[in-house]
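So you can see what is in the structure, the chains are spelled out below.
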Amino acid sequence: MSSGVHWVVCWPKENTSHALLSLTTTTTTTFLPRNGSPFRRSKMYSSSSFPSSSSSKLKLRLSTSLSTGALAYSGTVATPARSSEEKVYEVVLKQAALVREHRNIYDNNNNNITQNQNDSTALDFNPTITDGTTNWDLLNDAYFRCGEVCAEYAKTFYLGTLLMTPERRKAVWAIYVWCRRTDELVDGPNAPHITPKALDRWEQRLTDLFEGRPFDMYDAALSHTVSKYPVDIQPFRDMIEGMRLDLRKPRYKNFDELYLYCYYVAGTVGLMSVPVMGIAPESKASTESVYNAALALGIANQLTNILRDVGEEASPMQYKINVPISDFSSWAGKPLSNAASFGAKLDINARRGRIYLPQDELAQAGLSDEDIFRGKVTDKWRSFMKGQIKRARMFFDEAEKGVAELNSASRWPVWASLLLYRKILDSIEANDYDNFTKRAYVGKAKKFLSLPVAYARAVMRPSQAA
Ligand SMILES: CC(C)=CCC/C(C)=C/CC/C(C)=C/CC/C(C)=C/COP(=O)(O)OP(=O)(O)O
């Protein structure tokens, strides 16, 4: 990693005398519980069907064993001491509590918070200039660059962000860029050189930016975002943990292990996004149920990704990446001059040989790693894939329940991306489950057609029942 000078930025959380940017919010610090109760029960998960205990029906349902149709954690199967779902659910509760506190501030101190019915998340943000110069330009430039990267790497996603309010859009870009850079560490051209130590350094940088000491302009944008929205560091740390896992773990014994991996690399994105996307002020759903839906969307997307890329991940093959050829530091350490720098395409010989599918389920289906390396679509494979697709769809179903609870301006892009990603599963089916030699994708026409469908769903109001 390159050595360099940190951007010295002072956010409300941090106070340094040599601040380049000094910003304050008008937030008060009183945290009052809503209705004196730690959780509001949602319509989606009533207290009887969604106990706070980690062995909820929701979890049991999502853990449905594919081969037998029986629940994975039924009485006849030994229950692991603490399943991945339980561990992840603790994070969900923690994140939900943070946002709930934030909503309470909004509710209880609305004299000090932006009076914007469409925005129950963002705090009013009035910069106090302490060094005699405005630093908005620098910050705006940082956000603008994040937007460029986003547009370059994830065009559809970028278009979706244009439907959001300008403030939220910028925050989403900043989060996206950090996730992308993190992913590049283990998936980019420098992946062979990335050691656990490098990931430790990346995590230190993360801590620094959360404490108002960003290293470069992309970090500065995120540093600003996390000072403005109730975004917690934990999902970011967990994503880095996912990269550590990717470095050392080529196989997943069972779905429990895979679930944890999916949480690390994608469920975390859902948790990072909710505070920025915002929960509709009129929503009566519990904050944790919205977080659960966001987590489910990340998991669903990742499972879909895994199913789409089975052949690609398993075989050592040529694949295209969109990163600069220069060393890691030029991407993860320093700002690049323009978005074109990210567009350089190169083919490299990937070291892959990865199989993310649960080994026990493969064995139950009479399949082995060799079958995957051989890449032949057999009836056994089709039947195995049907089960995997079914599970991914269950996570999409779970996610769908939460979208209506999001802030109105965020619903359309989330619906659009959900519907589009979900269609990849249809495409795998249309390819007769050949995900060894064919890449499932959603064509432009279908993409275009899903936009009005997404819009129609987005205008649905959040749940009103208490
Ligand atoms: C549902 C509710 C309440 C909120 C939405 C919360 C959000 C935005 C969740 C989305 C989480 C997400 C986008 C996770 C990333 C998942 C993923 C597998 C992305 C794939 O990234 P690439 O590898 O770039 O994909 P492609 O290869 O398809 O381009």
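An unreviewed UniProt entry lists the protein under the name 15-cis-phytoene synthase, from Ficus carica. Note on the protein: under the UniProt heading Sequence similarities (unreviewed entry), the record states "Belongs to the phytoene/squalene synthase family."

Visitor: An account of the overall build of the protein is needed here, citing residue identities and associated values.
Guide: Looking only at helices and strands, the protein features 17 helices and seven strands. Buried residues in the protein amount to 42% of all 466 residues. Within the protein, contacts between residues at least 6 apart in sequence are counted, and of these 77% link residues at least 24 apart.

Visitor: An account of helix α5 (residues 166-187) is requested, with residue identities and associated values reported.
Guide: Taking 1.5 Å of rise per residue, the 22 residues of α5 would be expected to cover 32 Å, and the 30 Å separating its terminal C-alpha atoms lies within 8% of that figure. For α5, the tally of buried residues reaches 18 of 22 residues, placing the bulk of the element in the interior.

Visitor: Give me the lowdown on the packing of α5 against helix α8 (residues 234-248), citing residues and values where you can.
Guide: At their nearest, the axes of α5 and α8 sit 9 Å apart, and the two run at 15 degrees to each other. The orientation of α5 with respect to α8, classified from their angle, is roughly parallel. As for the relative orientation of α5 and α8, their crossing is right-handed in sense. Residues C179, T182, L185 and V186 of α5 form the contact with α8, whose participating residues are M239, I240, M243, D246 and L247. Taken together, the residues that form the contact of α5 with α8 break down as seven nonpolar, one polar and one charged.

Visitor: Any chance you could break down the site of the ligand for me, citing the residues and the numbers?
Guide: If you check the shell around the ligand, you find 18 residues, and the closest are V269, G270, A294, N301 and G402. Listed by contribution, the elements that provide at least two residues to the shell around the ligand are α9 (255-277), α10 (287-308) and α15 (379-403). Among the elements that take part in the shell around the ligand, α10 stands out by supplying eight residues, more than any other.

Visitor: Give me the lowdown on α8, citing residues and values where you can.
Guide: Across its 15 residues, α8 extends 21 Å between first and last C-alpha, which sits within 8% of the 21 Å expected from 1.5 Å per residue. Here α8 has its buried residues at P235, F236, D238, M239, G242, M243 and D246. Taken around the axis of α8, the buried residues stretch over an arc of 160 degrees, which confines them to a single face.

Visitor: Outline the confidence of the model for the protein, supporting the account with residue identities and numerical values.
Guide: Across the protein, the average pLDDT comes to 76, with 68% of residues at 70 or higher. Contacts of residues 1-77 to residues separated by more than four positions or lying in other chains number 152 contacts, the stretch itself having pLDDT below 50. Scored as a complex, the prediction yields pTM 0.77 and ipTM 0.95.

Visitor: Could you give an account of the environment of K249, with specific residues and numbers?
Guide: Tracing the chain through its elements places K249 in the loop between α8 and β4 (251-252). Residue classification places K249 among the partly exposed residues on the basis of 13 C-beta atoms within 10 Å. Along the backbone, K249 and A392 are 143 residues apart, and their C-alpha atoms lie at a distance of 22 Å.

Visitor: Residue-level account of the nonpolar core, with values.
Guide: Ranked by internal contacts, the top residues of the largest apolar core, which has 99 residues, are C146, A174, I175 and I299. Broken down by element, this core gets its largest block of residues, 16 residues, from α9. Not counting the four nearest positions on each side in its chain, I175 is found in contact with L222, T225, M272, S273 and V276.

Visitor: Can you lay out the packing of helix α3 (residues 136-153) against α5 for me, pointing to particular residues and giving the numbers?
Guide: Orientation of α3 relative to α5, taken along the N-to-C sense of each, is 65 degrees, at an axis distance of 8 Å. Crossing of α3 against α5: the hand is left-handed. Counting all contacts with α3, which are made through Y143, C146, G147, V149, C150 and Y153, the residues of α5 involved are K170, W173, A174, Y176, V177 and R180. Taken together, the residues that form the contact of α3 with α5 break down as nine nonpolar, one polar and two charged.

Visitor: Kindly report on unusual backbone geometry, identifying the contributing residues and their values.
Guide: With a phi angle near 55 degrees, D432 is a residue other than glycine that sits in the positive phi range. Residue classification places D432 among the exposed residues on the basis of 11 C-beta atoms within 10 Å. The backbone of Y433 sits at a positive phi, close to 65 degrees, despite the residue not being glycine. For Y433, the position within the fold is in the loop between α16 (408-430) and α17 (444-458).

Visitor: Any details on the environment of L163? Residues and values, ideally.
Guide: One can find L163 in the loop between α4 (155-161) and α5. With 19 C-beta atoms counted inside 10 Å, the residue L163 sits in the partly exposed group. Along the backbone, L163 and L418 are 255 residues apart, and their C-alpha atoms lie at a distance of 15 Å. Those residues in contact with L163, other than ones at most four positions away along the chain, are A409, W412 and P413.

Visitor: So what about the environment of A430? Which residues, and what values?
Guide: Summarising the element assignment, A430 is placed in helix α16. In this structure, the C-alpha to C-alpha distance between A430 and A440, residues 10 residues apart in sequence, is 8.5 Å.

Cut-off values and rules
Residues numbered from 1 in each chain as written. Predicted model: local features only at pLDDT ≥ 70, side-chain atom pairs only at ≥ 80, totals over all residues. UniProt positions renumbered as here; feature names shortened; annotations may be inferred. Helix = DSSP H or I, 4+ residues; strand = E, 2+ residues; numbered from the N terminus. Buried ≥ 20, exposed ≤ 12 C-beta atoms within 10 Å, placed from the backbone. Contact = placed C-beta atoms within 7 Å. Expected span 1.5 Å × (residues − 1). Axes fitted to C-alpha atoms, helices over the stretch in contact; angles between N-to-C directions. Parallel < 35°, antiparallel > 145°, perpendicular 65-115°, else oblique. Left-handed = near helix turned anticlockwise from the far one by under 90°. Nonpolar A, V, L, I, M, F, W, Y, C, P; charged D, E, K, R; others polar. Near = placed C-beta within 6 Å. Arc of directions from axis to C-beta. pLDDT = per-residue confidence, 0-100. Core = buried A, V, L, I, M, F, W, Y, C linked by C-beta atoms within 7 Å.

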